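# Remarks on the overall topology
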Amino acid sequence: MAGERLRFDGWIAGVGTSSGTRLVVGHWPRSPFGAFSDVMVEHPDGERVLLAPSRPVADFVAATYRFDRIEVAPVSVTGSVSRSGHVWLVEAGPLHLRLRAGRRSALGRLLCAVPAPLVRSPLWAALCDLPARLLMPGVRTLGRAGPERREWYGARDLRPVLAADAVLDGVGLGSLAPLDPPVAFGFGSAPRSPALVRVTTTVEIRAARR
C-alpha cells in the first residue's frame, strides 16, 4: 500500500580518500525539512557516522539509512554548479572538505534530457536500476530503506570529481581515491568513481495499517 512520499531535490557528492575513509555529502535546496545538507562518513574499519544539522533531520535520515554513530552539528555547503565545473566547500562539525568537480560527462548530458516528471517516477527508477548496476557497480536506483520504507533515485546530471581535500578531527584524509569498498549506509552505494550527481530522491513511508 502506498503511503506518504517525501521528495528531496539536490546533489550528492561521493568521494573516497587514500586513507580509506569515504564521504557522501547530500546538499538539498528543496526538501520537506527545508534546505539542508548532511554528510555520511564511513571509516576504514567500517564505522558509519552521520553528520546532520538538526535532530529532526538526523532522526529521519537514521530511520532511512544505517549508522553506528550520529552527530548533530552545523553543516554547510557553499558554491554552485556551472557548465565549466565547480568547487564545493563543505563544513560539517569535525569535517572540512573541499572538492572540485569537472564538466558534465556524456552520461550527465543524457540524464539532463530526461523530463523531470519521469525522473520522479518509481517505474523509471525500476527501469534504470539494472543499467545503473551494470554501468556503475554498487549503484542502485530503487530499494528498501529502513522499516516500512522504500526509496528511489532519479539522477538528473553527473559530473566527475577531479580533486578533493578533506580534514576530519584535525587529521588529513589523504588524496582523492575511488569509493572502494562501496559505502554501506543503505541498499546501494555511491559510484565507485568520485562523482557529483544531481538527483531527485523520493522516500515513501508506508501507510499505517488499521
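As a reminder, the structure under discussion sits directly above these lines.
Residues numbered from 1 in each chain as written. Predicted model: local features only at pLDDT ≥ 70, side-chain atom pairs only at ≥ 80, totals over all residues. Heavy atoms only, no water.

Now for the nonpolar core. Counting 26 residues, the largest nonpolar core has V24, M40 and V61 as the members making the most contacts within it. Not counting the four nearest positions on each side in its chain, V24 is found in contact with I12, A13, G14, D38, V39, M40, L179, V183, F185 and A190. Of all hydrophobic cores here, the second largest spans 24 residues; its members include V90, L99, A101 and V161. (Core = buried A, V, L, I, M, F, W, Y, C linked by side-chain atoms within 4.5 Å. Buried < 20%, exposed > 50% of the residue type's maximum accessible area, 1.4 Å probe, protein only. Contact = heavy atoms within 4.5 Å.)

Before going further, it helps to examine the layout of surface pockets. Empty space left among the atoms is revealed by rolling a probe the size of a water molecule over them. Roughly 880 Å³ of internal volume is contained in the largest pocket. I12, V139, R140, Y153 and V199 are, among the 43 residues lining the largest pocket, the residues nearest its centre. Contributing elements (two or more residues each) for the lining of the largest pocket: β1 (4-17), β2 (22-30), β3 (36-42), α1 (55-64), α2 (106-112), α4 (122-135), β10 (149-168) and β13 (195-205). Its residues assigned to classes, the lining of the largest pocket comprises 32 nonpolar, eight polar and three charged. (1 Å grid on protein atoms, 1.4 Å probe; cavity = no way out; pocket = protein on both sides within 12 Å on 5 of 7 lines; lining within 4 Å. Points joined across faces, edges and corners; volume = space filled by probe spheres on them. Helix = DSSP H or I, 4+ residues; strand = E, 2+ residues; numbered from the N terminus. Nonpolar A, V, L, I, M, F, W, Y, C, P; charged D, E, K, R; others polar.)

Turning our eyes to something else, we now look at the packing of aromatic side chains. Where two aromatic rings form a pair, the distance of their centres and the angle of their planes describe that pair. Counting across every chain of the model gives eight aromatic pairs. An angle of 85 degrees between the planes, with centres 6.3 Å apart, marks the rings of F8 and F36 as edge-to-face. Of this pair, F8 sits in strand β1 while F36 sits in strand β3, placing them 28 residues apart in sequence. Accessibility expressed as a relative area gives 5% for F8, which makes it buried. Ring centres of F33 and F60 lie 5.3 Å apart, and the angle between their planes is 55 degrees; on these two criteria the pair is classed as tilted. With F33 in the loop between β2 and β3 and F60 in helix α1, this residue pair connects regions lying 27 residues apart in the sequence. (Phe/Tyr/Trp six-rings, centres within 6.5 Å; stacked < 30°, edge-to-face > 60°.)

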